[in-house]
Amino acid sequence: MDMTLREIAAIVGGTVEGDVGLRITGLNGLKEAQAGDLSFFADPRYQPYLETTPAAALVVDAAFADGRRPLIRVGNPYFAFAQLLKHLESLLLVHPKGIHPSAAVAPTAVLGEGVALDAHVCIADGAQIGARTVLYAGVYIGRDAVIGPDCVLYPHVSIRERVRLGARCIIHANSTLGTDGFGFMAVGGKRVKIPQIGSVIVGDDVEIGSNTSIDRSTTGNTTIGSGTKIDNLVQIGHNVSVGENCTISGSTGISGSTLIGNNVTIGGQVGTAGHLKIGDHSMIGARTGVNKSVPENSVVSGYPMHDHQVTRRIMASLEYLPDALRRLRKLEKRAQDLEP
Amino acid sequence: MDMTLREIAAIVGGTVEGDVGLRITGLNGLKEAQAGDLSFFADPRYQPYLETTPAAALVVDAAFADGRRPLIRVGNPYFAFAQLLKHLESLLLVHPKGIHPSAAVAPTAVLGEGVALDAHVCIADGAQIGARTVLYAGVYIGRDAVIGPDCVLYPHVSIRERVRLGARCIIHANSTLGTDGFGFMAVGGKRVKIPQIGSVIVGDDVEIGSNTSIDRSTTGNTTIGSGTKIDNLVQIGHNVSVGENCTISGSTGISGSTLIGNNVTIGGQVGTAGHLKIGDHSMIGARTGVNKSVPENSVVSGYPMHDHQVTRRIMASLEYLPDALRRLRKLEKRAQDLEP
Amino acid sequence: MDMTLREIAAIVGGTVEGDVGLRITGLNGLKEAQAGDLSFFADPRYQPYLETTPAAALVVDAAFADGRRPLIRVGNPYFAFAQLLKHLESLLLVHPKGIHPSAAVAPTAVLGEGVALDAHVCIADGAQIGARTVLYAGVYIGRDAVIGPDCVLYPHVSIRERVRLGARCIIHANSTLGTDGFGFMAVGGKRVKIPQIGSVIVGDDVEIGSNTSIDRSTTGNTTIGSGTKIDNLVQIGHNVSVGENCTISGSTGISGSTLIGNNVTIGGQVGTAGHLKIGDHSMIGARTGVNKSVPENSVVSGYPMHDHQVTRRIMASLEYLPDALRRLRKLEKRAQDLEP
C-alpha cells in the first residue's frame, strides 16, 4: 500500500487535517499500528494507545481533539476503515475469471452471464449458477442446485443436490451444504437410516466460514435467513431454521429442528439441544449449553444456561465451593456439639 | 410429490381407511404438516397437534382411533414413514453414473462392476473400489485403500492410503479418513513426529457425516464397527476402537486409544480423555466431558462426568450456589456470636 | 513387516541381547503387542504388562533387567521406537511423483525442483512451490501464495491467496488456511463485512491436522510459529499469533487476536475468549474455557478457568453441592429454632 492522505480521504469521504500529501504505507488497529501506518480511533478504551502509537495518521470522528498527528475526519471512523479495507481488497483480491477448460459442466446446467469457473469445478445436471458468480477450484454443485448471482464459493465447497443459495453469498473453502441430516431409527437393534429428502435454502448476503456443515432436512428445508453470517467449523443440524442478520461463531453446533429468530448473536463453541426456540435479538454467550428455549432479547450464558448475570455469579462462586463444603461440615460439627 | 393414498399404502404395506384416491402432495411431521401433506402419528406427545394439523391424511398404527381424516394403517407408523421417504429418495437422489473422463485412475487400481466415478475423482495405485460404489466429484482414494461394494462417498472425501471400508458405507462431503494421528515426542525442546504407520478399518453399513476426521493409528488400526453412524465435524483420534451400532453426534471429539463398545450412544460436543473404555449400551449425554471409563449400560452426563441423575441434581443446584455462600457466611457469623 | 532383531538394532542404533536372527513381524505398544511383535518398555506404569505380553522381543534402556525375552538395548526406547516407525513409514508411505497432466498450473506460478503435483491440483498465478514439496490430489494454492520446500499437503487442502508456509510443513486433508476472518460491523441493523486483507504466515516444521481452519487477519498476519503442531478440526481466528513449538489438540477454538507464546500445550475442545495472552510454557487442560490471560508456566483448566489444582478441587466438590444445599437449609432451620 502506498497512498496519500488525500487519496484515502477521497475513498472514505473524509476531510484531511494536516499534510494531504503524506504517504501511507500500511493500515492497522491502534494497538498494532507501525510507523507509516494509518490507524483509526473509534473506541475510548483505546485512548491509552494514542500516547504511544507510531501511526503516521488517524481516521477520527467530529469529537476527536488531539492535534499531534495528521487526521482524516469522518462521520464513523470504524465504517471508514472498513470502506478503506474494501478499496484495498478490490486491488488485492483477484478472483478467477472465465471458464477453466478442466471444469466439468453437465449439459443441462445453466450458467449466468459472467460466471467464473476455476479449475476442476463440477456442476451437475439441472444446476443453475447466477450471473457473475465465482466458483473456485474444485467446487461441487449438485443436481438442480441453484446458486444466486454475485456469489463467491471458495475451493472444494460442496453444494449438494437441490440446495438453493440467494444473491451475494460467500461460502468459504471445504464447507458442505446439504449433507444428509443425522436421522436413524432403531429396528431390531440396528440403526436404520431415515432418508433425508429435504434441502437447504440460504437467503441473500449470507457468509459461511470454512469447514462448516449444514444438513439438509428430513422433509421441507433447513433455512438460513438473509444477512446471516456463520463462522468456521459450525454444525447446523437438519430442519434448523436460522433467521435474518444472525451471527454464529466458530465451532458452534446447532441441533436438529432448532428455531433461531432474527438478529440473534451466538458465540463460539455453543451447543443447543434439539427442538428449541431462540428468540429474536437474543445473545448467547460463548460455550453456552442451550438446554431450554431462549426468550426474545435475552442475554444468556453458561451450562446449564442462565441469564448471563446469573451465570457470572455462579462462575464467580465456584472457586469458593470446596472451602464452603469444609466450612459447612465444621458448622454441622459445632451444631452437633450444641445438642443437649 | 403427487401420489394417491392407494399408491402410498402399497409402498408401506398398509391399508387405507377413507378415500383411496386422495392425492398427497407433501410429507411432513405432524407439527410441520401443511394442507395436502401426509403426516404420521407415532408418539403420544404429539396428540395436541392432531387437533390443529391441516394434514390431509395420517399414517397410524392399529390402536389409533380418530376418524377425522383418511388414514393409512400400518404396524409401525414411524417405520412406514421412513419407507416412504426411502421410496421418494429413490426418485429424487440420482447418483453419478459411469466413469467421468476427468477421473484419474492409477493403472493398478481395480474397479468393481458398475462403479461410478464422477468428475475429478483420483484413485491411487493399488486401490480397490467395490462393485456399484459411487464416488462423487473430487473424491480421493489413496494407495492400496479398499472400498467395499455399494458405498457412496460424497464430494472431496479423502480416504488415505491403506484405509479399508466395508460394504454399503456412506461418507459425506469433505470428510477425511486416515489422517496421521496426533503423536509427537519432546526431543531437546522440539516436538518430533511419531510416524503413524497404522490405518483405519471401517465395517459395513457405517455412515460418516461431513467434515469429520478419523485418524490412522500409530501401529495397528483405528476401527469403526459395522452399523455405526457418526455425525458431522467429529474428531476420532488414533488407535480408537468404536464398536458396532453406535451413534456419535456432531462436534464430538474422541481422544486417542479410547475403546468404545457396541450400541453406545454419544451426544453432541462430547469429549473423551484418552485411553478410556466406554462400555456396551452406555449413553453419553451431549457435552459430557468423559474423564473416566464408563461401565456398560450407564447413562452419564456432565463435566466432570457423573451418572446422569447426579448431573441433573448438580446442574439444578448451581443456580443456588452464590446465595448459599452468602447464607453460609451468615450462619458462621451467628455461630461466632454464640461463642462464649 | 518382516525383519530380524539384527536389522532393527542397526536402524535404531542399539545392541541385541539374545537371538539376533529372531524374525519380527509387527510393532506395537506393550499393552497391544501380539505374538511375533516387537514392543518397547519406557514407562514404569506398563510394568504389569511385562508379565503377560506375548511380544517376541523388547526395546529397553540400560536400566532394564528382565531376561525373559530377547532385547534391543538403546539409550531412549521411545525414541528408538519412533525411529523404527520412521523407517517403516519410509517403506510404506509412497507420495505422488511428477506433475500429473490434470494439474492446473497458472503460467506465472513457479515450481521448485522435484515438486510433485498429484491429479487435479490447482495453482494460481504468482504462487511459488518450494523444492521437493508434494501436493496431493485437489490441493488448491491461491494467488501469490508461497509454499516452502519439502512440504506435504494432503488432498483438498486449500491455501488461499498470499498465505506463506515455511519448510517441511505437513497439512492434512481438507484443511483451509487463509479463510476470511469473521469480522462484521453493524450498520443500520445489518452486518456489513469488514474485508480481511491480511494473510497467514506459517513457520517451518509445522504440522496441521485435517479439517482445520486458520483465518487470515484483517490487516497484518495471523502467524503460526515454527515447530508448532495443530490437530484436526481446530479453529484459529484472525490476527491470532501462535508461538513456536506449541501443540493444539483437536476441536479447539482460538478466538481472534489471541496471542499464544512458545512451547504452549493446549488440550482438546479448549476455547479462548478474544484478545487474550497465553504465556510461554503454559499448559491448558482439555475443555478449558480460557476467559482471561494465562501467565507463563501456568497449568490451568476448567471453565471458568483456574489453576489446575483449584479446578480439580472444584470438580471434586460439585458432586456434594446438592446435598450441601440441603444440609445448609437444615442448619438454618436449627439456627432459627435456637432464636429466642
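Residues numbered from 1 in each chain as written. Chains lettered and ligands numbered in written order. Predicted model: local features only at pLDDT ≥ 70, side-chain atom pairs only at ≥ 80, totals over all residues. Heavy atoms only, no water.

1. Looking at the interface of chain C and chain B
Keep this limit in mind: Throughout, a contact is declared for two residues whenever any of their heavy atoms are within 4.5 Å. Take the accessible area each of two parts loses on contact, using a 1.4 Å probe, and add the two losses: that sum is the buried area. Salt bridge, as used here, is a side-chain nitrogen of Lys or Arg placed within 4 Å of a carboxyl oxygen of Asp or Glu. Polar contact is the term for a pair of N or O atoms within 3.5 Å; when the atoms are in protein, one must be able to donate a hydrogen and the other to accept it, and sequence-neighboring residues count only if both atoms are side-chain atoms.
Listed by partner, the interface residues are 62 residues for chain C and 65 residues for chain B. Here chain C and chain B share an interface that buries about 5,000 Å² over both sides, 62% of which is from carbon and sulfur atoms. At the junction of chain C with chain B, the criterion picks out two salt bridges. Seen at the junction of chain C and chain B, the total is 25 residue pairs in polar contact (both at pLDDT 80 or more).

2. Details of the environment of alanine 324 of chain B
Spelled out, the test is: Numbering of helices and strands runs from the N terminus; a helix is a DSSP stretch of H or I covering at least four residues, while a strand is a stretch of E covering at least two. Buried residues are those whose accessible area, probed at 1.4 Å on protein chains only, stays under 20% of the maximum for their type, while exposed residues exceed 50% and partly exposed ones sit between those limits.
Looking at where alanine 324 of chain B falls in the secondary structure, it is placed in helix α5 (residues 321-338). Overall, the relative accessible area of 7% leaves alanine 324 of chain B in the buried class. Apart from residues lying up to four places away in sequence, alanine 324 of chain B is in contact with Leu325 and Leu328 of chain C.

3. As for the pattern of salt bridges
Following the criterion strictly, the structure yields 50 salt bridges over all chains and no others. For arginine 73 of chain B, the salt bridge goes to glutamate 17 of chain B, with nearest N and O atoms at 2.5 Å. Of the two residues, arginine 73 of chain B is situated in strand β7 (residues 71-73) and glutamate 17 of chain B in strand β2 (residues 15-17); the sequence distance between them amounts to 56 residues. In this structure, the salt-bridge partner of arginine 68 of chain C is glutamate 51 of chain C, at a minimum N-O distance of 3.3 Å. With arginine 68 of chain C in the loop between β6 (57-60) and β7 (71-73) and glutamate 51 of chain C in helix α2 (residues 47-52), this residue pair connects regions lying 17 residues apart in the sequence. Take arginine 68 of chain C: its relative accessible area is 47%, and that puts it in the partly exposed class. It is possible to trace a salt-bridge network through shared partners that takes in Arg160, Glu161, Asp180, Lys193 and Arg216 of chain A together with Glu207 of chain B.

4. Digging into the packing of α5 of chain B against helix α5 (residues 321-338) of chain C
The following threshold applies: Interaxial angles span 0 to 180 degrees and are taken between N-to-C directions of axes, which are lines fitted to C-alpha atoms, for helices over the stretch in contact. Note on convention: the crossing is left-handed when the near helix lies turned anticlockwise from the far helix by less than a right angle, right-handed when the turn is clockwise. Residues are sorted three ways: Asp, Glu, Lys and Arg are charged, Ala, Val, Leu, Ile, Met, Phe, Trp, Tyr, Cys and Pro are nonpolar, and all the rest, Gly among them, are polar.
Orientation of α5 of chain B relative to α5 of chain C, taken along the N-to-C sense of each, is 35°, at an axis distance of 10 Å. Crossing angle aside, the handedness with which α5 of chain B passes α5 of chain C is left-handed. Two secondary-structure elements touch here, α5 of chain B through Leu321, Ala324, Arg327, Leu328, Leu331, Arg334 and Leu338 of chain B and α5 of chain C through Leu321, Leu325, Leu328, Arg329, Leu331, Glu332, Ala335, Gln336 and Leu338 of chain C. Looking at the contact of α5 of chain B with α5 of chain C residue by residue, the classes come out as 11 nonpolar, one polar and four charged.

5. A closer look at the relation of the copies chain C and chain B
The test is simple: We superpose the copies by least squares over the C-alpha atoms of residues that have a pLDDT of at least 70 in both of them.
For the pair chain C and chain B, the superposition axis carries a translation of 0.0 Å, the fit reaches an RMSD of 0.1 Å, and the rotation angle comes to 120°. Overall, the copies show the geometry of a three-fold rotation axis.

6. Details of the sheet that holds strand β29 (residues 241-242) of chain A
All names here are of chain A. What counts is decided by this rule: In this description, strands pair whenever DSSP reports at least two bridges between them.
Overall, parallel pairing links the nine strands, which are arranged β9-β12-β15-β18-β23-β26-β29-β32-β35 in an open sheet. Looking at which strands have only one partner, the edges of the open sheet turn out to be β9 (110-111) and β35 (277-278). Where strand β32 (residues 259-260) meets β35, two bridges bridge the pair, whose relative direction is parallel. By the bridge assignment, isoleucine 260 is partnered in β35 with isoleucine 278.

7. Focus on the interface of chain C and chain A
If you look at the interface, chain C gives 65 residues, while chain A gives 62 residues. Taken over both partners, the interface formed by chain C and chain A buries close to 5,100 Å², and the fraction arising from carbon and sulfur atoms is 62%. When the buried area of chain C at its contact with chain A is split by residue, Phe182, Arg191 and Tyr303 of chain C rank highest and sum to 14% of it. Residue lysine 193 of chain C pairs with glutamate 207 of chain A through a salt bridge whose shortest N-O separation is 2.8 Å. On inspection of chain C and its partner chain A, the count reaches 26 residue pairs in polar contact (both at pLDDT 80 or more).

8. Here's the deal with the pairing of strand β20 (residues 176-180) of chain C
A regular strand carries its side chains on alternate faces of the sheet. Residues and elements named next belong to chain C. Within β20, five of the five residues are buried, leaving the element largely enclosed by the surrounding structure. Pairing geometry for strand β17 (residues 158-159) and β20, over two bridges, is parallel. Residue pairing across strands places serine 158 opposite threonine 176, the latter belonging to β20. Note that β20 and strand β25 (residues 213-216) share four bridges and pair parallel.

9. Describing the sheet that holds β7 of chain B
All names here are of chain B. Ordered in space as β2-β7-β6-β5-β4, the five strands form an open sheet in which the pairing is mixed. The outermost strands of the open sheet, each flanked by one partner alone, are β2 and β4 (26-27). Two elements, strand β6 (residues 57-60) and β7, share three bridges in a ladder whose sense is parallel. Within β7, the residue paired with valine 59 across the bridge is isoleucine 72. Packing against the sheet, helix α1 (residues 5-12) makes contact with β2, β5 (37-40), β6 and β7, and its axis sits at approximately 20° to β7.

10. Regarding the packing of aromatic side chains
To keep things clear, this is the line we draw: The rule is short: rings of Phe, Tyr and Trp, with Trp giving its six-membered ring, pair when the centres are within 6.5 Å, and they are stacked under 30 degrees, edge-to-face over 60, tilted in between. Two conditions define a charge located above a ring, namely a distance within 6 Å from the ring centre to NZ of Lys or CZ of Arg, and an angle within 35 degrees of the ring normal.
Counted by the stated rule, this structure contains 21 aromatic pairs over all chains. With centroids separated by 5.0 Å and ring planes inclined at 80°, the aromatic side chains of phenylalanine 182 of chain C and phenylalanine 184 of chain C adopt a geometry described as edge-to-face. Taking the relative accessible area as the measure of exposure, phenylalanine 184 of chain C reaches 16% and is therefore buried. Through pairs of rings, three or more aromatic residues link up here, namely Phe40, Tyr78 and Phe81 of chain A. Lying over the aromatic face of tyrosine 303 of chain A, arginine 287 of chain B brings its terminal NZ or CZ to 4.9 Å of the ring centre.

11. Considerations on helix α4 (residues 308-318) of chain A
Note on helix geometry: an α-helix contains 3.6 residues per turn, so any two residues three or four positions apart are oriented the same way. Quick reminder of the rule: The directions considered for the arc run from the helix axis to the C-beta atoms.
The set of residues buried in α4 of chain A consists of Thr311, Ile314, Met315, Ser317 and Leu318 of chain A. Down the axis of α4 of chain A, the sector holding all buried residues measures 160°, keeping them to one side. Residues of α4 of chain A that are buried in the fold lie against β38 (299-301), β39 (306-307) and α5 (321-338) of chain A, α4 (308-318) and α5 of chain B together with α4 (308-318) of chain C.

12. Some remarks on the confidence of the model for chain A
Quick reminder of the rule: Confidence scores here are pLDDT values: one per residue, from the predictor, ranging 0 to 100.
Chain-level pLDDT for chain A is 96 on average; 100% of the residues reach the 70-or-more range. Across the interfaces of the predicted complex, the ipTM metric reaches 0.95, alongside a pTM of 0.96.

13. As for the side chain of threonine 272 of chain A
All names here are of chain A. Along the polypeptide, threonine 272 turns up in strand β34 (residues 271-272). Take threonine 272: its relative accessible area is 5%, and that puts it in the buried class. A polar atom in the side chain of threonine 272 sits 3.3 Å from the side chain of threonine 258. Excluding residues within four positions of it along the chain, threonine 272 makes contact with Gly253, Ile254, Ser255, Thr258, Ile278 and Val290.

14. Remarks on the state of the cysteines
Which entries qualify depends on this criterion: Cysteine sulfur pairs qualify as disulfides if the two atoms are within 2.5 Å.
Using the criterion set out here, one finds zero disulfides over all chains in the structure. Here cysteine 246 of chain A is not disulfide-linked; the sulfur of cysteine 169 of chain A is the nearest cysteine sulfur, at 14 Å. Relative accessible area serves as the criterion here: at 1%, cysteine 246 of chain A is assigned to the buried category. Not part of a disulfide, cysteine 151 of chain C finds its nearest cysteine sulfur in cysteine 169 of chain C, a span of 4.6 Å. Classification of cysteine 151 of chain C by relative accessible area gives buried; the value is 1%.

15. Here's the deal with empty space enclosed by the protein
Where we set the bar: Cavity: a set of points on a 1 Å grid over the protein atoms alone where a 1.4 Å probe fits but cannot get out. Pocket: an open set with protein on both sides within 12 Å along at least five of seven lines, its lining residues, like those of a cavity, having an atom within 4 Å of a point. Grid points are joined across faces, edges and corners, and a volume is the space filled by probe spheres set on the points.
A full pass over the atoms with the stated rule returns 10 cavities of 30 Å³ or more. The wall of the largest cavity is formed by 36 residues, among which Arg287 and Tyr303 of chain A, Tyr303 of chain B together with Arg287 and Tyr303 of chain C lie closest to the centre. Within the residue set of the lining of the largest cavity, elements represented by two or more residues are α4 of chain A, α4 of chain B together with α4 of chain C. Of the residues that constitute the lining of the largest cavity, the class distribution is 18 nonpolar, 15 polar and three charged. Taken as a whole, the second largest cavity encloses approximately 180 Å³ of empty space. If you trace the second largest cavity, you find it lined by Leu331, Arg334, Ala335 and Leu338 of chain A, Leu331, Arg334, Ala335 and Leu338 of chain B together with Leu331, Arg334, Ala335 and Leu338 of chain C. At the level of elements, α5 of chain A, α5 of chain B together with α5 of chain C are the ones that each hand at least two residues to the lining of the second largest cavity.

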